[in-house]
Amino acid sequence: MTERVQQNRDDFAKAKRDTWNTTDYGSWFKPARGQVIDTLEKAALAKALAGRKYERAPDVGIGNGRLLPIYAPHASHITGMDISSEQLDQATQAASKLGLNFDTKLCQEASKIEIPDKSYDLIICSRVLQHVYDWRESVAEFARILKPGGDLVLLTYNRASVYGLKKYYQHKFQNPTKGRFQNPAGLTKHLKKNGLVIEYFEGALMGQPDLFSKDLSDASRDFINKLEKLSSAPLIKYLGSRLVIRAKKL
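These remarks concern the structure in this document. (Residues numbered from 1 in each chain as written. Predicted model: local features only at pLDDT ≥ 70, side-chain atom pairs only at ≥ 80, totals over all residues. Heavy atoms only, no water.)

### A look at the side chain of His190
Heads up, the condition is: Segments assigned H or I by DSSP are reported as helices when at least four residues long, segments assigned E as strands when at least two residues long, and all are numbered from the N terminus. Residues count as neighbours in contact if any of their non-hydrogen atoms are within 4.5 Å of one another.
By the secondary structure assignment, His190 is in helix α7 (residues 184-193). Each residue touching His190, except ones within four places of it in the same chain, is listed here: Trp135, Arg136 and Val139.

### Thoughts on the packing of aromatic side chains
Put simply, the rule reads: Between 30 and 60 degrees the pair is tilted, below 30 it is stacked and above 60 it is edge-to-face, where a pair is any two Phe, Tyr or Trp rings, Trp via its six-membered ring, whose centres lie within 6.5 Å. Buried means the residue's accessible area, taken with a 1.4 Å probe over protein chains only, is under 20% of the maximum for its type, while exposed means over 50%, and partly exposed covers the values in between.
With the rule as written, the count across this model stands at 10 aromatic pairs. Where Tyr25 meets Phe29, the ring centres are 5.2 Å apart and the plane angle is 85°; that geometry is what we call edge-to-face. Neither Tyr25 nor Phe29 differs from the other in exposure class; each is buried. Ring-pair connections join several aromatic residues into one group, and the members of that group are Trp20, Tyr25, Trp28 and Phe29.

### A word on the nonpolar core
To be explicit about the condition: Nonpolar core, defined: a set of buried Ala, Val, Leu, Ile, Met, Phe, Trp, Tyr and Cys residues in which side-chain atoms within 4.5 Å join the residues together.
Of all hydrophobic cores here, the largest spans 37 residues; its most connected members are Leu45, Leu49 and Tyr71. Ignoring sequence-local partners within four residues, the contact set of Leu45 consists of Leu67, Ile70, Tyr71, Ile124, Val153 and Leu155. The next biggest cluster of nonpolar side chains, apart from the first, holds 27 residues, and it includes Ile123, Trp135, Leu152 and Ile245.

### Concerning α7
Just so we agree on the cut-off: For the purposes of these results, a polar contact is taken to be a pair of N or O atoms within 3.5 Å, where, inside protein, one atom must be able to donate a hydrogen and its partner to accept one; residues adjacent in sequence count only when each atom of the pair is a side-chain atom.
Taken together, the buried positions of α7 are Pro184, Gly186, Leu187, Thr188, His190 and Leu191. Those residues of α7 hidden inside the fold are in contact with α5 (135-145), β5 (146-157), β6 (196-204) and β7 (242-249). The backbone nitrogen of Ala185 lies 3.1 Å from a side-chain oxygen of the residue at the head of α7, namely Asn183.

### Describing the layout of surface pockets
What counts, and what does not: Buriedness for pockets is judged along seven lines, at least five of which must meet protein on both sides within 12 Å for an open set on the 1 Å grid over protein atoms alone, while cavities are sets there where a 1.4 Å probe fits but cannot get out, and lining residues have an atom within 4 Å of a point. Grid points are joined across faces, edges and corners, and a volume is the space filled by probe spheres set on the points. The classification used treats Ala, Val, Leu, Ile, Met, Phe, Trp, Tyr, Cys and Pro as nonpolar, Asp, Glu, Lys and Arg as charged, and all other residues, Gly among them, as polar.
By volume, the largest pocket amounts to about 1000 Å³. Lining the largest pocket we find 41 residues, and of these Trp20, Trp28, Gln130, His131 and Tyr157 sit closest to its centre. Of all the elements in the fold, those that place two or more residues in the lining of the largest pocket are α1 (9-21), α2 (32-49), β2 (75-82) and α6 (162-174). Broken down by class, the residue content of the lining of the largest pocket amounts to 16 nonpolar, 13 polar and 12 charged.

### Remarks on unusual backbone geometry
A positive phi angle, near 55°, is found at Leu205, a position not held by glycine. Mapping Leu205 onto the fold places it in the loop between β6 and α8 (218-227). Residue Leu205 is classed as buried on the basis of its relative accessible area of 0%. Backbone geometry places Gln208, a non-glycine residue, at a positive phi of 55°. Mapped onto the elements of the fold, Gln208 is located in the loop between β6 and α8. For Gln208, a relative accessible area of 8% corresponds to the buried category.

### Concerning the pairing of β7
Going by this rule: Pairing between two strands is assigned when DSSP locates at least 2 bridges connecting them.
Buried residues dominate β7, accounting for seven of its eight residues. Relative to β7, β5 runs antiparallel, the two being bridged by seven bridges. Within β7, the residue paired with Leu152 across the bridge is Ala247.

### Some points on helix α4 (residues 85-98)
Stated precisely, the cut-off is as follows: A helix is expected to span 1.5 Å multiplied by its residue count minus one. This arc is taken over the directions from the axis of the helix to the C-beta atoms.
For α4, with 14 residues, the first-to-last C-alpha span of 20 Å sits near the 20 Å given by 1.5 Å per residue. What α4 keeps buried is the set Gln87, Leu88, Ala91 and Ala95. Down the axis of α4, the buried set is contained in an arc of 95°. They therefore lie on one face. Those residues of α4 that are exposed and angled more than 90 degrees off the buried face are Ser96 and Lys97. Contact partners of the buried residues in α4: α1, α3 (68-71), β2 and β3 (102-106). You can read the cap of α4 off the contacts: a side-chain oxygen lies 3.3 Å from the backbone nitrogen of Glu86, and it is on Ser84. In the stretch just after α4, Gly99 is the one whose phi turns positive, near 70°.

The quantities given are spatial measurements derived from coordinates; they are silent on function.
In structure tokens:
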């Protein structure tokens, strides 16, 4: 059991809700580094969804809705789920500007989701698993609410990357509230355990832009963009600071 799982679930959820209700998420992507991260994450998600169509799709941990323009063309109806009412308000505004068929659900905590079984044929979950009470429970919940043949698309931080190892050290030895990133082998194992078959697996942000200063130089930007070509290279793809996975429910 991790430090996080030993905490009281309600206290954990309240702390997360208080944090995200007062966080200006959009400000993270305004500096040069944030712009590169935003562009590369969106490109990685678009590749995972290319050519696919779905009926109903929730974005679990939608935040301010910054990824809506990427996956909205692939789903007829979208539900924004989040622990924060403030973030959901911003996501609703973003969806309205895009003219989407959209509703919201305020979640208590994403490792327990009050949704009936087999409700959706696509689940989007981006940059969220490190924030949940128990990521294994979250994976099981995603499998439960997916229809047979439905897809789970994850864009998540990678413990096996240079950036991930840095954050793992912080979580383990400095501050247990820091994000607890998943390693590729462990995440793969729990997807399979819950009847989810991986059909797409690539790396992203291979150049570790999170480790650079906010005021990213042009030379650093070029370096990061060039390294992104390694995102699908065998073995090397498992070292990107993000993992991008599409897994189908049996």
